[in-house]
Amino acid sequence: MITTVLPTYVRADLSFERAEGAWLMAADGRRFLDFGAGVAVNSLGHHHPHLLAALKEQAEKIWHSSNLFRVPGQETLSQRLVDATFADTVFFTNSGAEAMECAIKMARRFQWGEGRPERYRLITFEGAFHGRTLATIAAGGQAKYLEGFGPKVDGFDQVPFGDHVALKAAIGPQTAGILVEPVQGEGGVRTIPVECLKGLRALCDDHDLLLIFDEVQCGMGRTGRLFAHEWAGVTPDIMGIAKAIGGGFPLGACLGTERAARHMTAGTHGSTFGGNPLAMAVGNAVMDIINTPTFLERVGDISNRLKQSLGALMDAFPDVIQEVRGKGLILGLKCKGSNTALRDAALAHGLITITAGDNVVRLLPPLNLTDEEISIALEKLHAACAVVSGAQEAAA
Ligand SMILES: *Cc1c(COP(=O)(O)O)cnc(C)c1O
């Protein structure tokens, strides 16, 4: 018999009753250190006093009024995002996929409005993930997500990760732009080198294409800068964000330059819930904390410490960990054996991690992790690696 909850997820048989900071408390009393952060969503951990206060205060006033009226929180948060980025304008959504849908529509609409309606195609990269709507699965191009859902939405040309020749060859008279995650999350924590991001910007300028970044997972402070592309010193024309900006409340956004957004006029796009007062209260509260130099600097410091220790862990267990990759606090352990075995062993020791493509275990802790929590996580990872190493030896 089918479960009442549509069975589209492979879930661990575990649920949580409460959470505090980087810790999740299970119904059976066990405590878990959260190095998944709800897939990079709980950027400030759980039950953060500033976020809680903002949500409670807003909940006492007004929850929802629709986009038929001005929403002051949208005006504040969009101004703050504009001030902090390349962007001139912001559309608010409830999720990452919706942010990317808006980005795709904006790119197509731009070309159409400029008198080039034939330019509707976007170049994307193998291993990409942009969401689970019909257009975003087509953009991501992964066969397992496309199978059985009818004709793939047209307009996406995928090239192998890092293949510059294929990339240049894919640009044609129908190309509207290039879409890329500066750090691939689901694809296995693969960072686009700074030089390549610069190259993409130059390529787009040369061919009058739009550059679109998907920073749904790697953005909002996770790499130690507010947005990951800042490391390369280049800016996109359009960018989708979500996950961390809501700190646990469903919130995403599509940011654009005035030029790229110029044909997104009244009536061309919309969302009933997008940018409602509750989401805006939390989004503004998240910005209060993350968008400060001291906070972002500390993300970098934590990351250096964590990465160094993970390197030592790899040296201790070369049969389990093959490579430590990633930037800031989006880190990946590429496994020699099975990544699910390492994830499960970590879970058994009270540490939550998330698997990713390319046989990787992903570490996405809250950005305000303490030094003590890093030490605890490393002890747990050490114990988990010992279990996996032992099991591998026994099987050999
Ligand atoms: C999670 C994710 C999305 C999709 O976000 P949803 O909120 O699940 O729709 C899109 N792009 C990237 C890079 C992501 O990590």
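Note that the structure is predicted; figures quoted are calculated from it, not measured. (Residues numbered from 1 in each chain as written. Predicted model: local features only at pLDDT ≥ 70, side-chain atom pairs only at ≥ 80, totals over all residues. Heavy atoms only, no water.)

Visitor: What's the story with the overall build of the protein chain in this structure? I'm lost.
Guide: A count of helices and strands for the protein chain gives 12 helices and 17 strands. Against the globule reference of 21 Å for 396 residues, the protein chain gives a C-alpha radius of gyration of 21 Å, in line with a compact fold. Its C-alpha atoms give the protein chain principal-axis dimensions of about 65 × 55 × 50 Å. Buried positions account for 53% of the 396 residues belonging to the protein chain. As displayed, the protein chain offers around 17,600 Å² of accessible surface, 55% of which is attributable to carbon and sulfur atoms. In the protein chain, the 36 positive side-chain charges and the 43 negative ones have mean positions that sit 2 Å from each other. (Helix = DSSP H or I, 4+ residues; strand = E, 2+ residues; numbered from the N terminus. Rg over C-alpha atoms; globule rule 2.2 N^0.38 Å. Buried < 20%, exposed > 50% of the residue type's maximum accessible area, 1.4 Å probe, protein only. Areas by Shrake-Rupley, 256 points an atom, 1.4 Å probe, with all protein chains shown as cover. Lys, Arg positive; Asp, Glu negative; His and termini not counted. Charge placed at Lys NZ, Arg CZ, Asp CG, Glu CD.)

Visitor: What's the story with the pattern of salt bridges in this structure? I'm lost.
Guide: A side chain with one charge can pair with a side chain of the opposite charge if their charged atoms come near. Under the counting rule described, the total for this entry stands at 18 salt bridges. The closest approach of N and O atoms between Arg262 and Glu114, which form a salt bridge, is 3.4 Å. Residue Arg262 is located in the loop between strand 12 (252-256) and helix 9 (277-290), and its partner Glu114 is located in the loop between helix 4 (96-113) and strand 5 (121-125); the two are separated by 148 residues in the primary sequence. Looking at Arg262, the relative accessible area reads 47%, which means it is partly exposed. Measuring nitrogen to oxygen at the nearest pair gives 3.2 Å for the salt bridge that ties Arg325 to Glu323. Given a relative accessible area of 33%, Glu323 falls into the partly exposed group. Three or more residues joined by partner-sharing salt bridges are found here, namely Glu323, Arg325, Lys334 and Asp358. (Salt bridge = Lys/Arg side-chain N within 4 Å of Asp/Glu carboxyl O.)

Visitor: Explanation requested: the nonpolar core in the structure shown.
Guide: One recurring pattern in soluble globular proteins: nonpolar side chains tend to sit buried together. Core analysis: the biggest nonpolar cluster contains 81 residues, and Ile178, Met220, Leu255, Ile290, Leu310, Leu333 and Leu342 have the highest contact counts within it. At eight residues, helix 9 tops the list of elements feeding residues into this core. Two domains each put at least three residues into this core: domain 1 (16-34 + 294-395) and domain 2 (49-290). Setting aside its immediate chain neighbours within four residues, Leu342 contacts Val320, Leu333, Cys335, Val361, Ala384, Cys385 and Val388. (Core = buried A, V, L, I, M, F, W, Y, C linked by side-chain atoms within 4.5 Å. Domains from an automatic or database assignment. Contact = heavy atoms within 4.5 Å.)

Visitor: Looking at this structure, I do not really get the sheet that holds strand 5. What am I missing?
Guide: Adjacent strands of a sheet form backbone hydrogen bonds with each other and so pair up, either parallel or antiparallel. Taking strand neighbours across the sheet as the criterion, the seven strands line up as 4-12-11-10-7-5-6 in an open arrangement whose pairing is mixed. Strand pairing shows two members of the sheet lacking a second neighbour, strand 4 (89-93) and strand 6 (156-159), which therefore form its edges. When the angles between neighbouring strand axes are averaged without regard to direction, this sheet yields 20°. For strand 4 and strand 12, the ladder comprises five bridges, and the chain directions are antiparallel. By the bridge assignment for strand 12, Thr93 is matched with Gly252. Sheet strands in contact with helix 4 are strand 4, strand 5, strand 6, strand 7 (175-180), strand 10 (210-214), strand 11 (238-241) and strand 12, and its direction is about 180° off that of strand 10. Strands strand 5, strand 7 and strand 10 of the sheet are contacted by helix 8 (residues 194-207), whose axis makes an angle of about 145° with strand 10. (Pairing = 2+ DSSP bridges. Axes fitted to C-alpha atoms, helices over the stretch in contact; angles between N-to-C directions.)

Visitor: What is the right way to look at the sheet that holds strand 16 (residues 354-356) in this model?
Guide: If you walk across this open sheet you meet the four strands as 13-14-17-16, and the pairing is antiparallel. Every other strand in the sheet has two partners, leaving strand 13 (321-327) and strand 16 as the edge strands with one partner each. Pairs of neighbouring strands in the sheet enclose a mean axial angle of 30°, with direction left out of account. Inspection of the sheet shows strand 14 (residues 330-335) paired to strand 17 (residues 360-363) by four bridges, in the antiparallel sense. Paired with Leu333 across the strands is Val361, a residue of strand 17. Along the sheet, helix 10 (residues 293-316) makes contact with strand 13, strand 14 and strand 17, crossing strand 13 at roughly 170°.

Visitor: Please explain the side chain of Asp237 as it appears in this structure.
Guide: Turning to its location among the elements, Asp237 is positioned in the loop between strand 10 and strand 11. Engagement of the side chain of Asp237 in a polar contact is seen with the backbone nitrogen of Leu211, the distance being 2.7 Å. Discounting chain neighbours no more than four positions away, the residues touching Asp237 are Phe86, Arg201, Leu209, Leu210, Leu211, Leu255, Gly256, Thr257 and Ala260. (Polar contact = N/O pair within 3.5 Å; in protein donor to acceptor, adjacent residues only side chain to side chain.)

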